[in-house]
Amino acid sequence: ANGYRLPTEAEWEWLARGGQDYTYAGSNTIDDVAWYETNTNETGTREVKTKAPNGYGLYDMSGNVYEWCWDWYGSISSSTAADGATSGSDRVFRGGSWFNYANLASVCIRYANFPSSCSYDYGFRVVRASSN
């Protein structure tokens with residue numbers, strides 16, 4: 001509605017990287033920026049903005065909850081990275097969660113599941129085109 005939508009996978013990764021070259025969204029040290037199984041003891045989501053932001057001022061791009069993307073899951077190549085796969089049965093989600101290991105919260109790790117699936121560690125972040 002009014003231009004809000006899920007980000008594409010390429011948009012999600014660009015936002016998560018925050019103009020920086022870190023393993024996690026905002027740091028190479030996961031405890032600075034993410035909630036994951038070790039620092040949550042697998043006890044659930046945490047309030048947003050309780051860890052440091054990335055270079056774009058975005059919080060929780062690594063850890064807390066996996067974030068759904070618009071794209072179908074498929075192979076990524078230099079010719080399809082911006083558009084993603086054109087079809088498939090699974091949608092992409094990224095970022096790791098409070099219920100998983102630290103390495104799974106890396107900004108480069110990809111996941112997928114059926115669009116109708118749900119889990120206590122799945123979430124989403126909406127984007128909107130600028131009005132320029």
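These remarks concern the structure in this document.

Strand order in this open sheet of four strands is E4-E3-E2-E5, and the pairing throughout is mixed. Strands with a single pairing partner mark the edges of an open sheet, and in this sheet they are strand E4 (110-113) and strand E5 (122-123). Pairing of strand E2 (residues 66-72) with E5, which is carried by two bridges, proceeds in the parallel orientation. The residue of E5 that forms the bridge with Tyr-66 is Tyr-122. Sitting on the sheet, helix H1 (residues 9-17) is in contact with E2, strand E3 (91-94) and E4, with an inclination near 140 degrees to E2.

On to the side chain of Ser-97. Residue placement: Ser-97 occurs in the loop between E3 and E4. At a separation of 3.1 Å, a polar atom in the side chain of Ser-97 contacts the main-chain amide nitrogen of Phe-99. The contacts of Ser-97, once residues within four sequence positions are left out, are Trp-35, Tyr-36, Glu-37, Gly-63, Asn-64, Val-65, Tyr-66 and Asp-121.

What follows is about unusual backbone geometry. One non-glycine residue with positive phi stands out, namely Asn-41, at about 55 degrees. For Asn-41, the location among the structural elements is in the loop between helix H3 (37-40) and E2. On the accessibility criterion, Asn-41 (62% relative accessible area) is exposed.

Here we come to the nonpolar core. Residues Trp-12, Leu-15, Ala-16, Ala-25, Met-61, Cys-69, Val-92, Val-107 and Val-127 constitute the largest nonpolar core, which totals nine residues. The element best represented in this core is H1, accounting for three residues. Not counting chain neighbours up to four residues away, the residues in contact with Val-127 comprise Gly-3, Tyr-4, Arg-5, Leu-6, Pro-7, Glu-11 and Leu-15. One finds Tyr-24, Val-33, Tyr-36 and Ala-102 within the second-largest nonpolar core, a separate group that totals seven residues.

How two aromatic rings sit relative to each other is given by the distance of their centres and the angle of their planes. For the coordinates displayed, the defined rule picks out 11 aromatic pairs. Between the aromatic rings of Tyr-66 and Tyr-111, the centroid separation amounts to 4.7 Å while the plane-to-plane angle is 70 degrees, which identifies the pairing as edge-to-face. In this pair, Tyr-66 sits in strand E2 while Tyr-111 sits in strand E4, placing the two residues 45 residues apart along the sequence. Exposure class is identical for Tyr-66 and Tyr-111. Each is buried. Plain terms: the ring middles of Tyr-66 and Tyr-122 are 6.1 Å apart, the flat faces sit at 85 degrees to each other, and that makes the pair edge-to-face. With Tyr-66 in strand E2 and Tyr-122 in strand E5, the pair connects residues that are 56 residues apart, well separated along the chain.

This next bit is on a nonpolar patch on the surface. There is a patch of nonpolar side chains on the surface, built from Tyr-4, Phe-124 and Val-126 and spanning about 340 Å² of accessible area. Within the fold, Tyr-4 resides in strand E1 (residues 4-5). For Tyr-4, a relative accessible area of 46% corresponds to the partly exposed category.

Attention now goes to H1. Among the residues of H1, those classed as buried are Glu-9, Trp-12, Leu-15 and Ala-16. The arc that holds the buried residues of H1, viewed along the axis, is 130 degrees, so those residues lie on one side. Buried residues along H1 sit against E2, E3, E4 and strand E6 (127-128). The positive-phi residue at the C-terminal boundary of H1 is Gly-18, with phi of around 60 degrees.

Conventions and cut-offs
Residues numbered from 1 in each chain as written. Predicted model: local features only at pLDDT ≥ 70, side-chain atom pairs only at ≥ 80, totals over all residues. Heavy atoms only, no water. Pairing = 2+ DSSP bridges. Helix = DSSP H or I, 4+ residues; strand = E, 2+ residues; numbered from the N terminus. Contact = heavy atoms within 4.5 Å. Axes fitted to C-alpha atoms, helices over the stretch in contact; angles between N-to-C directions. Polar contact = N/O pair within 3.5 Å; in protein donor to acceptor, adjacent residues only side chain to side chain. Buried < 20%, exposed > 50% of the residue type's maximum accessible area, 1.4 Å probe, protein only. Core = buried A, V, L, I, M, F, W, Y, C linked by side-chain atoms within 4.5 Å. Phe/Tyr/Trp six-rings, centres within 6.5 Å; stacked < 30°, edge-to-face > 60°. Patch = residues over 30% accessible without salt bridge, like charges linked within 9 Å, V, L, I, M, F, W, Y side chains within 5 Å. Areas by Shrake-Rupley, 256 points an atom, 1.4 Å probe, with all protein chains shown as cover. Salt bridge = Lys/Arg side-chain N within 4 Å of Asp/Glu carboxyl O. Arc of directions from axis to C-beta.

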